[in-house]
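# An overview of the molecular structure
Listed below, chain by chain, are the residues.
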Amino acid sequence: MGASARADFRTADFRTYDRRLEPVAGKVLAQERLDEADALALYASPDVLAVGWLANHVRERLHGDVTYFNVNRHINPTNVCVAACKLCAFGRKKGDPAGYTMGLEEAWQTAASGYSEAVTEFHIVGGLHPDLPFEFFLDLVRGLKKRFPRVHIKAFTMVEIAYLARRAKLSVEQTLLKLREAGVDSMPGGGAEIFAPRVRAIICDHKIHGEEWLETARTAHRLGFKSNATMLYGHIENDPDRVDHLLKLRALQDETGGFQTFIPLAFHPQNTPLDHLPVTTGLTDIRQIAVSRLVLDNFPHIKAYWQMLTPKIAQIALRFGADDLDGTVIEEKIYHDAGATTPQGLTRRELCRLITEAGRVPVERDTLYHAVTRTEDSFVVAV
Ligand code: V47
């Protein structure tokens, strides 16, 4: 039977030809929590526009038309990494001619080259370097705070923090306290990948287990840090693995409330050992944004990271559940090493245009989602 011949399910303005979506829609409209079976139905539904309608409904209930972006600069101090994750095209073994490690001065100068554009955030992540001592990272952050006291430092994934703790022979808590003392303000969401051990063993067997990622985030939140969370999809995982990942994050968020933003990251296979895998398609990316918005009912924000999605898909995602585009970035290495053809950075004006042409209202934010107001050459954060 063709879609047009089927009886439509309608509640308020919602309609679908997929009967399996009916109970899910009922829950979303009644603001009830979705369970595992609901999430699987959202992934399986052929009616992706109906899934998107529901996600947009939640997004507008939470944020109206407001769409956030920020003016940030990524800094990757080193690509030298003891891990050899199959998902990654960025990391290099020690001694590899393509490996690099910035000196402190170089890292501070890299930061300064973005500061001229009045960045409000430094996003710092890198490889798990075999030799750099914990003190190097503390000095890096201290130096940034001294030079740029008004810039928020969002630094080090849970994977890096667990690694630094091990190398420094400190507990995760002690490590986090020292990082805070040096000037780290919050943490990015990387390294979560997919928690399912079966998948993790193949795509990133050198990384901490999912449980340790979650435990490190739990500790950070207990100490008062905010952080983000990610999920890497579009490789060898299946729908139940994705649902498991989302539900684990939702459970931790119930406990701590420390997550700000969820960022689904599409796998880019080029230049990785998994380069035989196809890249994700547009509808897979859009559906992932929508399912994330619907399942993660306790996450304030869903980010369509334009560097990963492309600006065109990220813009569409703003009508499928996303309320954040990330930022100017300026210089991106992780995705570009894996074949991304997106620009290295976008200006404030370009980000605002993407948002406005999606029929949304751009709001520049700082890392903690305070609105930023700009005058000619400076900015004010409204608290
Ligand atoms: O953890 C690595 C992913 C992440 C590849 O918190 C890859 O605001 C696809 O976490 N294909 C790092 N993905 C990036 C990240 C991030 C990005 C933007 C904003 C925030 C935030 C966090 O990138 C890694 C890994 O999951 N990654 N290699 C690849 N070949």
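Note on numbering: residues in each chain are counted from 1, in written sequence order. The predicted nature of this model means local features are confined to residues of pLDDT at least 70 and side-chain atom pairs, given and counted, to a pLDDT of 80 or more, with totals for whole chains, interfaces and linings taken over all residues. Hydrogens and water are ignored here; the side-chain numbers use all heavy atoms of the structure.

### Thoughts on the domain arrangement of the chain
Note that the domain bounds were set by an automatic or database domain assignment. You can read the domains of the chain as domain 1 (3-63) and domain 2 (66-382). Relative to domain 2, the C-alpha centre of domain 1 lies at a distance of 30 Å. Residues are treated as being in contact if the distance between any of their heavy atoms lies within 4.5 Å. In this assembly, 22 residues from domain 1 lie in contact with 31 residues from domain 2. For this analysis, a salt bridge means a side-chain nitrogen from Lys or Arg found within 4 Å of a carboxyl oxygen belonging to Asp or Glu. Across the domain 1-domain 2 interface, the total number found is 4 salt bridges. Arg33 is the partner of Asp297 in a salt bridge, and the nearest nitrogen-oxygen pair spans 2.8 Å. When residues of the side of domain 1 that touches domain 2 are traced back to their parent elements, those giving at least two are α2 (36-44) and α3 (48-63). Per the convention used, a helix needs a DSSP run of H or I reaching at least four residues, while a strand needs a run of E reaching at least two, with both numbered from the N terminus.

### Some remarks on unusual backbone geometry
For Gln31, which is not glycine, the phi torsion reads 60 degrees and is therefore positive. Residue placement: Gln31 occurs in the loop between α1 (21-29) and α2. Partly exposed residues are those whose accessible area sits between 20% and 50% of the maximum for their type, while under 20% is buried and over 50% is exposed, using a 1.4 Å probe and protein chains only. With a relative accessible area of 53%, Gln31 lands in the exposed category. With a phi angle near 65 degrees, Asn271 is a residue other than glycine that sits in the positive phi range. Considering the arrangement of structural elements, one finds Asn271 in the loop between β9 (259-266) and α11 (282-295).

### Observations regarding the sheet that holds strand β12 (residues 361-364)
In this scheme, strands are said to pair when DSSP sees at least two bridges between them. The parallel open sheet is built from 3 strands, whose spatial order is β11-β3-β12. Only two strands of the sheet have a single partner each, and these edge strands are β11 (324-327) and β12. Going from strand to strand, the sheet's axes swing by 25 degrees on average, the running direction of each strand aside. Examined bridge by bridge, strand β3 (residues 66-70) and β11 share 2 bridges and lie parallel to one another. Across the sheet, Asn70 pairs through a bridge with Gly327, a residue of β11. Sitting on the sheet, helix α15 (residues 348-357) touches β3, β11 and β12, and the angle it makes with β3 is about 160 degrees. Orientation is described by lines fitted to C-alpha atoms, with helices fitted over the stretch in contact, and by angles between N-to-C directions that extend from 0 to 180 degrees.

### Description of the side chain of His268
Note that His268 resides in the loop between β9 and α11. Polar contacts, as counted here, are pairs of nitrogen or oxygen atoms within 3.5 Å of one another; within protein the pair requires one atom able to donate a hydrogen and one able to accept it, and residues that are adjacent in sequence qualify only if both atoms are side-chain atoms. Within the local environment of His268, its side chain forms a polar contact with the backbone oxygen of Met308, the two atoms lying 3.2 Å apart.

### Points about the site of the ligand
Around the ligand, the surrounding shell holds 23 residues, and the nearest of these are Lys154, Gly189, Gly191, Glu193 and Lys303. Gly189 has a polar backbone atom sitting 2.8 Å from an oxygen atom of the ligand. Side-chain polar atom of Asn228 to an oxygen atom of the ligand: 3.1 Å apart, as the coordinates give it. Here the ligand loses 96% of its free accessible area of 620 Å² to cover by the protein chains. Within the residue set of the shell around the ligand, elements represented by two or more residues are β8 (226-233), β9 and α14 (334-337). Proximity criterion: a residue is near a molecule or strand once any of its heavy atoms comes within 4 Å of it. Areas reported as accessible are Shrake-Rupley estimates using a 1.4 Å probe. Residue values count occlusion only from the protein chains shown.

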